[in-house]
Amino acid sequence: MVYSNPANSTSQCTINEAIHYVGIGLHSGHNVSMTLYPAAPNTGICFLRRDVDPEHMLIRASWKNVVDTRLCTVLGNEHGITVSTVEHLLAALCGCGVDNLLIEINGDEVPILDGSCAPLIDMINQAGVVGQRLARSGIWIERPIEIRQGERYAILLPSEVPRITVSIEFENAAIGMQSLSVDMVDRVFETEIAPARTFGFADELHQLREQGLALGGSMRNAVLLDNDRVVNEEGLRFADEFARHKVLDCLGDLALAGAPIFGHLYTHKPGHRLNNALLREMFAHGDAWSRLSYEQINQRIDTPQSTDKSWINASS
Ligand SMILES: [Zn+2]
C-alpha cells in the first residue's frame, strides 16, 4: 500500500522503488553517487560505502555511531569508515515516514543538493512510500530530559504531538533573533521546513576552505551572508529560513534515535553536538522514555494519562 501520509502509518515503511542521484558534497567538493534502496522491516537506515572493502562498508544510522559534530553530523563504524553531512537526508526520511532503507554511496559525504530537504522530498514522493508487515514503534517521552552546553540548551518534554521549538541568536543582523515552534504533523515538515536551506558566512568561508572544508559550498546549495546582507540573488525562501533550517537539522539529528520521538524538543541555539548529547542523555535514562508501538501511542493520545506531573514544578 502506498500511503498519502506514511508518517501516520502504524506499520513500518520503506520506499517503493530505488532512487538514484548524483551531487556534490558540501565539504569535500567531490561528486558523489547515491542510490537509496527499499529495505526489509527492522533494517533501519543503513549506509553502505561502495568505495571501500565490502567487509567494512556498513555504517548504521544510529546516535551511537556519531563520530564528529563540528560542522555537520558524521557517522562512523568500528573500522574507521565514515559518512558525513547525513542530517538533511535523515530529516527527509523521518519527515516522509521512511523507517527502513539501504543507502549506497561511493564517497564519504552525502550530496548537499540545494542545501535543503526539498529535492529529497520530491524524489521520495515520486518513488512512493510503502507500508510493511511489521508494526512501527516510536519513543514516547515520559519525563523531561535536559542538556546544557554554555548558553545552548536542549530539553525533551512529554508531548502527545511531536513538536520542535527552536530559538536562535546571531550577531549578524540578517539573522538576529528568530524563534519558531512546529508540530510535526500532516505535511507541515514538507511545506514549512523542508525547503529551508543551510547557511554560511562569507568571512568564515575563506578560513574553512583553508582547512579543506566547505569546498563544495556555493550559492546553489546555501544561503550566503556577507556582513548583514543575504548575497543570494533570489533572496530567502522564508523570512525566518535560518530558524526553519535549524528545525530541519534537529529533526535529522534526532532521527538517529532509530524511531520517531513523541515529545517536544525545546531548544536554544541548537547544534549537532548538542543534539547528539541530548540523545545520549535520553538513552542513559531508561525511565525517561518508553518504546511503544504506534497502536499503543494512539491509545495514549486518545486516553489522557493521569501521569505524575511533579516535574513541572521541579524543573522551573
Ligand atoms: Zn543543516
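Placed above this text is the structure.
Here's what I pulled together on the structure shown here.

What counts and how
Residues numbered from 1 in each chain as written. Predicted model: local features only at pLDDT ≥ 70, side-chain atom pairs only at ≥ 80, totals over all residues. Heavy atoms only, no water. Donors = N, O, S within 2.8 Å, 3.2 Å for Na, K, Ca; no water. Tetrahedral: all angles 85-135°; square planar, octahedral: opposite > 155°, others 65-115°. Helix = DSSP H or I, 4+ residues; strand = E, 2+ residues; numbered from the N terminus. Buried < 20%, exposed > 50% of the residue type's maximum accessible area, 1.4 Å probe, protein only. Core = buried A, V, L, I, M, F, W, Y, C linked by side-chain atoms within 4.5 Å. Contact = heavy atoms within 4.5 Å. Phe/Tyr/Trp six-rings, centres within 6.5 Å; stacked < 30°, edge-to-face > 60°. Lys NZ or Arg CZ within 6 Å of the ring centre and 35° of its normal. Pairing = 2+ DSSP bridges. Axes fitted to C-alpha atoms, helices over the stretch in contact; angles between N-to-C directions. Arc of directions from axis to C-beta. Salt bridge = Lys/Arg side-chain N within 4 Å of Asp/Glu carboxyl O.

What to know about the coordination of the zinc ion
Phase 1 of the analysis: The coordination sphere of the zinc ion contains the protein donors H88 (NE2), H245 (NE2), D249 (OD) and D249 (OD), at a distance range of 2.1 to 2.7 Å.
Phase 2 of the analysis: Bound by four donor atoms, the zinc ion shows angles of 53 to 150 degrees at the metal and therefore irregular coordination geometry.
Phase 3 of the analysis: In the primary structure, the donors to the zinc ion are separated according to the pattern H-x156-H-x3-D. With H245 and D249 both in helix α5 (residues 241–254) and four residues apart, this pair spans about one turn of that helix. Each member of the pair, H245 as well as D249, is classed as buried.

Things to note about the nonpolar core
Where a protein is soluble and globular, its nonpolar side chains tend to be buried together.
Phase 1 of the analysis: Judged by nonpolar contacts, the single largest core of 78 residues is most densely connected at F47, L89 and F189.
Phase 2 of the analysis: No other element matches the seven residues that α5 contributes to this core.
Phase 3 of the analysis: The contacts of L89, once residues within four sequence positions are left out, are Y21, M34, L36, F47, I103, V110 and L120.

Focus: the packing of aromatic side chains
Phase 1 of the analysis: In the structure shown here, the tally under the stated rule is nine aromatic pairs.
Phase 2 of the analysis: Judged by centre distance (6.4 Å) and plane angle (15 degrees), the ring pair of Y153 and Y266 falls under stacked. Of this pair, Y153 sits in strand β13 (residues 152–158) while Y266 sits in strand β19 (residues 261–268), and the two are 113 residues apart along the sequence.
Phase 3 of the analysis: Overall, Y266 belongs to the partly exposed group, its relative accessible area being 37%.
Phase 4 of the analysis: Here the aromatic rings of F170 and F199 are separated by 5.8 Å at their centres, their planes lie at 75 degrees, and the arrangement is edge-to-face. Pair noted here: F170 is in the loop between β14 (163–169) and β15 (177–183) and F199 is in strand β16 (residues 199–201), with a separation of 29 residues, a long-range link.
Phase 5 of the analysis: Judged by relative accessible area, F170 falls into the partly exposed class, the value being 27%.
Phase 6 of the analysis: Of the aromatic side chains, those joined through ring pairs into one cluster are F170, F199, F201 and F242.
Phase 7 of the analysis: Across the ring face of Y294, the terminal group of R136 is positioned such that the distance to the ring centre comes to 5.2 Å.
Phase 8 of the analysis: For R148, the ring lying beneath its charged end belongs to Y153, and the centroid distance is 4.9 Å.

As for the sheet that holds strand β17 (residues 223–226)
Phase 1 of the analysis: With mixed pairing, the three strands of this open sheet are ordered in space as β16-β17-β18. Whereas interior strands pair on both sides, the edge strands pair on one side only; in this sheet they are β16 and β18 (229–230).
Phase 2 of the analysis: Inspection of the sheet shows β17 paired to β18 by two bridges, in the antiparallel sense. Its bridge partner being in β18, L225 is matched across the sheet by V230.
Phase 3 of the analysis: Lying on the sheet, α5 is in contact with β16, β17 and β18; it crosses β17 at an angle near 130 degrees.

Digging into helix α2 (residues 118–127)
Phase 1 of the analysis: What α2 keeps buried is the set L120, I121, M123, I124 and A127. Along the long axis of α2, the arc covered by the buried residues comes to 165 degrees, so they all point the same way. In α2, the exposed residues that point more than 90 degrees away from the buried face are D122 and Q126.
Phase 2 of the analysis: Next to the buried residues of α2 lie β1 (11–15), β2 (19–24), α1 (87–95), β10 (129–135) and α3 (188–193).
Phase 3 of the analysis: Phi for G128, located one or two positions after α2, is positive at around 90 degrees.

Structural notes on the pairing of strand β9 (residues 101–105)
Note on strand geometry: in a regular strand, side chains alternate between the two faces of the sheet.
Phase 1 of the analysis: With respect to burial, β9 is a largely interior element, four of its five residues being buried.
Phase 2 of the analysis: With five bridges connecting them, strand β3 (residues 31–38) and β9 associate as antiparallel partners. Each residue of the ladder has a partner; that of M34, found in β9, is I105.
Phase 3 of the analysis: Where strand β4 (residues 45–49) meets β9, five bridges bridge the pair, whose relative direction is parallel. Across the sheet, I45 pairs through a bridge with L101, a residue of β9.

A word on the pattern of salt bridges
Phase 1 of the analysis: This model, assessed by the stated rule, comprises 15 salt bridges.
Phase 2 of the analysis: A salt bridge links R136 to D99; its shortest N-O distance comes to 2.9 Å. Taken together, the residues R136 in the loop between β10 and β11 (137–141) and D99 in the loop between α1 and β9 connect sequence positions 37 residues apart.
Phase 3 of the analysis: The exposure class of D99 is buried, given its relative accessible area of 17%.
Phase 4 of the analysis: With its nearest N and O atoms 3.0 Å apart, the salt bridge here joins R143 to D287. On the criterion of sequence distance, the pair formed by R143 in the loop between β11 and β12 (145–149) and D287 in the loop between α6 (272–284) and β20 (289–293) is long-range, its members being 144 residues apart.
Phase 5 of the analysis: If you follow the salt bridges from partner to partner, you end up with E192, D240 and R244 in one network.

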